[in-house]
Amino acid sequence: MTYALYALAALAEIAGCFAFWAWLRLAKPIWWLAPGLVSLALFAWLLALVPSEAAGRTYAAYGGIYIVASILWLWLAEGRLPDRWDITGAAVCLAGGAIILFGPRG
């Protein structure tokens, strides 16, 4: 369930941020900001649902998922094939997020 929440949160965050990017950098109409704001609010709500005793740990572990989702966005939404450094970096970040989230606590 944790990974599903992280994946949905990442999709919502990237879509929301892309709406702002598209308005500012790609000259899309200002109304693109409305769904972007909704998407960013959905992101915050989904991330708050992740079961964890500490918000900072939740956000830190989410970073790895966000990076992987961003590389997928690069490929699927922007049509740019990730290179070996994109994939290697994303894998390292995902491993780091898993260590943060699932490491033994004493």
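Provided above is the structure to which this section pertains.
Each value, and the rule that gives it
- Residues numbered from 1 in each chain as written.
- Predicted model: local features only at pLDDT ≥ 70, side-chain atom pairs only at ≥ 80, totals over all residues.
- Heavy atoms only, no water.
- Helix = DSSP H or I, 4+ residues; strand = E, 2+ residues; numbered from the N terminus.
- Expected span 1.5 Å × (residues − 1).
- Buried < 20%, exposed > 50% of the residue type's maximum accessible area, 1.4 Å probe, protein only.
- Contact = heavy atoms within 4.5 Å.

Some details on helix H1 (residues 2-25)
For step 1, the next point in the chain: Compared with an ideal rise of 1.5 Å per residue, which puts 24 residues at 34 Å, H1 spans 33 Å between its outermost C-alpha atoms and is within 8% of the ideal.
For step 2, the next point in the chain: Within H1, burial applies to Thr2, Leu5, Tyr6, Ala9, Ala10, Ala12, Glu13, Ile14, Gly16, Ala19 and Ala22.
For step 3, the next point in the chain: If you follow the buried residues of H1, they end up packed against helix H2 (33-48), helix H3 (55-76) and helix H4 (84-102).

Quick word on unusual backbone geometry
For step 1, the next point in the chain: A positive phi angle, close to 60°, is found at alanine 27, a residue other than glycine.
For step 2, the next point in the chain: Inspection of the secondary structure puts alanine 27 in the loop between H1 and H2.
For step 3, the next point in the chain: We classify alanine 27 as exposed; its relative accessible area is 69%.

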